[in-house]
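Observations on chain architecture
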Amino acid sequence: MALVPGNSLLTDTPEEGRELAIILARKTIGAIQPDGDTRHTLRPGYATDAETLTMAAHVVAVEFATVAAANSYWGY
């Protein structure tokens, strides 16, 4: 399983970096819980829980910070 698509964190824009951060977060969850049926069963519980949604957003934010650093914060 490739956890980093294309084996690179480099993106052309912050928007692409944000998209990559979401992909990375989703792939991490898939690696932690590889059974799709289990993830599907769990989804209703966390989809309506503000605390777990906030934790998910934090995971994406950490991934985005990593991508941004790899891209030298897109120092245009």
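None of these values were measured; they are calculated from a predicted model.

Here is what the cut-offs are and how they apply
Residues numbered from 1 in each chain as written. Predicted model: local features only at pLDDT ≥ 70, side-chain atom pairs only at ≥ 80, totals over all residues. Heavy atoms only, no water. Core = buried A, V, L, I, M, F, W, Y, C linked by side-chain atoms within 4.5 Å. Buried < 20%, exposed > 50% of the residue type's maximum accessible area, 1.4 Å probe, protein only. Helix = DSSP H or I, 4+ residues; strand = E, 2+ residues; numbered from the N terminus. Contact = heavy atoms within 4.5 Å. Patch = residues over 30% accessible without salt bridge, like charges linked within 9 Å, V, L, I, M, F, W, Y side chains within 5 Å. Areas by Shrake-Rupley, 256 points an atom, 1.4 Å probe, with all protein chains shown as cover. Salt bridge = Lys/Arg side-chain N within 4 Å of Asp/Glu carboxyl O. Lys, Arg positive; Asp, Glu negative; His and termini not counted. Charge placed at Lys NZ, Arg CZ, Asp CG, Glu CD. Axes fitted to C-alpha atoms, helices over the stretch in contact; angles between N-to-C directions. Parallel < 35°, antiparallel > 145°, perpendicular 65-115°, else oblique. Left-handed = near helix turned anticlockwise from the far one by under 90°. Nonpolar A, V, L, I, M, F, W, Y, C, P; charged D, E, K, R; others polar.

Moving on: the nonpolar core. Ranked by size, the top nonpolar core spans five residues in total: Leu20, Leu24, Val67, Ala68 and Trp74. Looking at this core, the elements with two or more residues in it are α1 (14–32) and α3 (50–70). What Val67 contacts, discounting residues up to four positions off in sequence, is Leu9, Thr11, Gly17, Leu20, Leu24 and Trp74.

Here we come to a negative patch on the surface. A contiguous patch of negative charge, built from Asp12, Glu15, Glu16 and Glu19, is present on the exposed surface. By secondary structure assignment, the location of Glu15 is in helix α1.

In this section: the packing of α1 against α3. Two elements in contact, α1 and α3, have axes whose closest approach is 8 Å; the angle formed by their N-to-C orientations is 125°. Comparing their axes, α3 and α1 come out oblique. You can see that α1 and α3 cross each other, and the crossing is right-handed. Across from Pro14, Gly17, Arg18, Leu20, Ala21, Ile22, Leu24, Ala25 and Thr28 in α1, the residues of α3 making contact are Val59, Val60, Glu63, Phe64 and Val67. When its residues are assigned to classes, the contact of α1 with α3 shows 10 nonpolar, two polar and two charged.

By themselves, these are just geometric observations and shouldn't be taken as functional.
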